[in-house]
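# Fold and geometry: a report
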Amino acid sequence: MTDEKSLEGWAPEIPDAATLAEVVDRAFDYRGDVTVMLDDGRELVGYLFNRTRDVAEPFVQMFERENAGPSRVPYARIRAIRFTGRDTAAGNSYAAWLRSREAAKAASSSPGA
Amino acid sequence: MSVPLSQMWTVATYVLGQKLRGHTRYPLVLMLEPLFRCNLACAGCGKIQYPGHVLRKHLTVEQCLAAVEECGAPMVSIPGGEPLMYPEIGPLVKALVARRKYVYLCTNAILLKEKLQAGLFTPSKYLSFSVHMDGLREEHDEAVCRDGVFDQAVEGIKEALRRGFRVTTNTTLFDNASPIRMQMFFDEMMDLGVEGMMLSPGYSYSKAPDQEHFLRRQKTNELFAKMLANPKKRWKFNQSPLFLQFLMGKQDFECTPWGNPTYNLFGWQRPCYLLQEGYATTFKELMQTTRWEEYGRKSGNEKCQDCMVHCGHEPTAVNHTFSSWRGFRDTVAATVTGRL
Ligand code: SF4
Ligand code: SF4
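Computed from a predicted structure; not experimentally measured.

### What about the overall build of chain A?
Scanning chain A from terminus to terminus reveals 2 helices and 5 strands. Sorting the 113 residues of chain A into buried and exposed places 42% on the buried side. Restricting the contact set of chain A to residue pairs at least 6 apart, pairs at least 24 apart contribute 51%. With an accessible surface of roughly 6300 Å², chain A has 50% of that area assigned to carbon and sulfur atoms.

Laid out in structure tokens, this is it:
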């Protein structure tokens, strides 16, 4: 888990296949629900847990919030991805933990603490 | 070392069988995660951060058993999340024991006493509770971010031992650990009567330059070398002595990411228990389509540079035991003398 800024609320434009692949990768790393907008106007809301790129027809897999799932969606059918759910990993990285430990230690060892 | 002879024999014959068949990549321990839900929220834990609807899901017993069959490893470790929160944990463990799999049920033990009193489990040489213990009371409660958990775990351990179960502990150490306090911890666990202890350094990943990676590995070596320099005869470790020597800087091992494959709600995790770079639908697909050459320290993958964790390197240590006379001799010597 990295300690980068959260993508919560992100709604990127997807003008081409290269950008789509990149946004799918970000959605795959994201620890919150996303909304996947399909070419037929449907919207799938759920957790995107996998993406398979090295096949003839690349696809993502999701656990939708309202279905038992998992469901499978080809990249070719995706028009947009919105990072709509809460990022459950935000502020919970190992690096953030180390920082808070160090801060707590510094506070408890400072004079007058 | 404290692994029972029957288990050692099972592992030895399995590994030798794989070698005789010319298999260079084979699984040793299946990491079976039936759910991600947990009753703790330990700092730095990357296993539990999912939306609520994912945390409420779990694998069925049938899915778990199909994964076990597919994988074929002689040992099954059940981490999580917290496996004692899995509603089917009793039937799952029973089915695994019936298949003569050596099961390590990895638990924070908050619910252990209650589940044992409810009669969920039967003692067996195939079943060990592997209790998460990150040090003495102060260190453990700090690591799990809740006071009183150490005492609850000790209660659980005592209850399990009283009922005749095998109990081990598993401890994750970061390089700020105190060797002296850890030695006191080993004494305390042995006083409790656990069968053995398992140690692993924690996993940390940072985009640090090479020199820092080297220093981090050196720090891990120093910590383990100090802690285990003169191991007391009574300290029992439920793991390969060569892996402990690796942590002390006395062996140089590469990672074997396929050694402890992970199966969970999402499928077969690539490439290892720690990194989530994608999922395969079948075990065969995992083994055949993962680009294994992209992982491990020699690959140059920056995520692997600091990593010395048990799930990637203990299988290497076990394989080393059966790959050369030196490996075999070193393992036997450490097992017989207790010296590392
Ligand atoms: S007990 Fe284990 S799974 Fe639960 S939060 Fe702690 S480290 Fe994570
Ligand atoms: S070195 Fe560590 S992070 Fe890299 S593949 Fe092995 S176990 Fe995973």
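### So, unusual backbone geometry
Residue and element names in this part refer to chain B. A cis geometry characterises the amide bond from Gly80 onward to Gly81, with omega recorded as 10°. Topologically, Gly81 is positioned in the loop between strand E2 (75–78) and helix H4 (89–98). Cis geometry is found at the peptide bond from Arg270 to Pro271, where omega equals -10°. Its identity as a non-glycine residue notwithstanding, Arg100 has a phi of 60°, on the positive side. Relative to the helices and strands, Arg100 is located in the loop between H4 and strand E3 (102–107). For Arg100, a relative accessible area of 60% gives the class exposed. For Ala109, which is not glycine, the phi dihedral falls at a positive 70°. Inspection of the secondary structure assignment puts Ala109 in the loop between E3 and helix H5 (112–117). Here Ala109 falls in the buried class, since its relative accessible area comes to 1%.

What counts and how
Residues numbered from 1 in each chain as written. Chains lettered and ligands numbered in written order. Predicted model: local features only at pLDDT ≥ 70, side-chain atom pairs only at ≥ 80, totals over all residues. Heavy atoms only, no water. Helix = DSSP H or I, 4+ residues; strand = E, 2+ residues; numbered from the N terminus. Buried < 20%, exposed > 50% of the residue type's maximum accessible area, 1.4 Å probe, protein only. Contact = heavy atoms within 4.5 Å. Areas by Shrake-Rupley, 256 points an atom, 1.4 Å probe, with all protein chains shown as cover.

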